Amino acid sequence: MSSSVSKYFQDKYKPSVGPDELEQPLYNPDLLKKLDWSKITHMKNGVTSSTPGEGLLVRPLCKGDYDKGFLQLLSQLTKVEIFPEKKFEERFEQMKSCRDHYFVTVIEDTDKGEIVGSATLACELKFIRGCAKRGRLEDVVVNNEYRGKQLGKLIVSTITLLAKEVGCYKIGLDCKDEMKPFYSTIGYGSEKGNDNTMIIRF
Ligand SMILES: CC(C)(COP(=O)(O)OP(=O)(O)OC[C@H]1O[C@@H](n2cnc3c(N)ncnc32)[C@H](O)[C@@H]1OP(=O)(O)O)[C@@H](O)C(=O)NCCC(=O)NCCS
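About the thresholds
Residues numbered from 1 in each chain as written. Predicted model: local features only at pLDDT ≥ 70, side-chain atom pairs only at ≥ 80, totals over all residues. Heavy atoms only, no water. Helix = DSSP H or I, 4+ residues; strand = E, 2+ residues; numbered from the N terminus. Rg over C-alpha atoms; globule rule 2.2 N^0.38 Å. Buried < 20%, exposed > 50% of the residue type's maximum accessible area, 1.4 Å probe, protein only. Phe/Tyr/Trp six-rings, centres within 6.5 Å; stacked < 30°, edge-to-face > 60°. pLDDT = per-residue confidence, 0-100. Contact = heavy atoms within 4.5 Å. Core = buried A, V, L, I, M, F, W, Y, C linked by side-chain atoms within 4.5 Å. Salt bridge = Lys/Arg side-chain N within 4 Å of Asp/Glu carboxyl O. Pairing = 2+ DSSP bridges. Right-handed = clockwise from strand over helix to strand, strands pointing away.

A. Focus on the overall build of the protein. For the protein, the helix and strand inventory stands at seven helices and five strands. Ordered by position in the sequence, the α and β elements of the protein form the string α-α-β-α-α-β-β-α-β-α-β-α. The C-alpha atoms of the protein give 17 Å as radius of gyration, which agrees with the globular expectation for 202 residues (17 Å, within 12%). In terms of principal-axis extent, the alpha carbons of the protein reach across some 50 × 40 × 35 Å. Taken over 202 residues, the protein has a buried fraction of 43%.

This is the structure in structure tokens:
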């Protein structure tokens, strides 16, 4: 772990227990410190990724988050088979080795040592637009006991600003019709004549 990453965790994140290995973040946490919240008007009470509220921490997914209820949280979003920790660690390493591609970001309740919110920025590398990057917002979920407290807006806004920070020219998402109002409050919208998402499900 680099000294800046290590210092970040000493300052901001006291893990419940565990060796350095489990504190390994998926991406450099310093990126979150650089986010520009100055133009964000939809968050109340000055909530940002640096000031998420008492007992909360916004940070990259860490290798030890298997034991902090990460999969249980994802199971509130969709089907998740609970698999062994080793498999989690292997997938974590695969994601980490795809440099600057996966930015899985979580909200931890540090009093409980539990992950209570998560969303992912996936960055696609393009040849178009002068080798641009396009962001995709994926797997947005907040623990049902913590909903209605701005954490959904917080994690989505964090990912959106992160996409800008890492140089994406745009970020998009797929969602059900009923979720459109939620994303609209955060600034997402359909573009005229281009609001069709077409898929083949395997
Ligand atoms: C969607 C979800 C992340 C919202 O989290 P949350 O912490 O409750 O959201 P917030 O408290 O930040 O709510 C933000 C705003 O969106 C609205 N909102 C929240 N959930 C909504 C929903 N399901 N439909 C429409 N509006 C919604 C809130 O009323 C709130 O409005 P306000 O700012 O005017 O008060 C959460 O309900 C969740 O995890 N749902 C299950 C997984 C899921 O559906 N994920 C999205 C997949 S596309």
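There's more to say after this.
B. Region of the structure containing unusual backbone geometry. Positioned with a positive phi, Arg129 is a non-glycine residue whose angle comes to about 50 degrees. Mapped onto the secondary structure, Arg129 falls in helix α5 (residues 128-131).

C. Quick look at the packing of aromatic side chains. Under the definition given, this model contains five aromatic pairs. Between the aromatic rings of Phe182 and Tyr183, the centroid separation amounts to 4.9 Å while the plane-to-plane angle is 70 degrees, which identifies the pairing as edge-to-face. Relative accessible area serves as the criterion here: at 23%, Phe182 is assigned to the partly exposed category. Relative accessible area serves as the criterion here: at 9%, Tyr183 is assigned to the buried category. In this structure an aromatic cluster arises from ring pairing among Tyr66, Phe70 and Phe88.

D. Geometry of the confidence of the model for the protein. Looking at the protein, pLDDT values average 91 and 91% of them are 70 or higher. Every residue in residues 1-17 is under pLDDT 50, and counting partners more than four places away or in other chains gives 31 contacts.

E. Spatial organisation of the environment of Thr158. When you line up the elements, Thr158 lands in helix α6 (residues 151-165). Between the alpha carbons of Thr158 and Leu35 there is a distance of 7.8 Å; along the sequence they are 123 residues apart. Those residues in contact with Thr158 that lie beyond four places of it in its chain are Leu32, Leu35, Trp37, Ser49, Val58 and Thr105.

F. Molecular detail of the nonpolar core. Counting 46 residues, the largest nonpolar core has Phe70, Leu121, Leu137 and Leu162 as the members making the most contacts within it. The element best represented in this core is α6, accounting for eight residues. If near-sequence neighbours (up to four positions away) are discounted, Leu121 is found in contact with His101, Tyr102, Phe103, Gly135, Arg136, Ile159, Leu162, Ala163, Val166 and Ile171.

G. Region of the structure containing the pattern of salt bridges. Under the counting rule described, the total for this entry stands at nine salt bridges. For Lys33, the salt bridge identified is with Asp30, shortest N-O distance 3.3 Å. Separated by three residues within a single helix, Lys33 and Asp30 lie in helix α2 (residues 30-33), roughly one turn from each other. Linking Glu124 and Arg136 is a salt bridge whose minimum nitrogen-to-oxygen distance equals 2.5 Å. Taken together, the residues Glu124 in strand β3 (residues 114-125) and Arg136 in strand β4 (residues 133-142) connect sequence positions twelve residues apart. The exposure class assigned to Arg136 is partly exposed, which follows from its relative accessible area of 28%.

H. Focus on the pairing of β4. Bridge count between β3 and β4: eight bridges; the pairing is antiparallel. Its bridge partner lying in β4, Leu125 is registered against Lys133. As defined by bridge partners, β4 adjoins strand β5 (residues 168-172) across four bridges and the pair is classed as parallel. Counted as the bridge partner of Arg134 is Lys170 from β5. In this view, the connection linking β4 to its parallel neighbour β5 by way of α6 has right-handed handedness.

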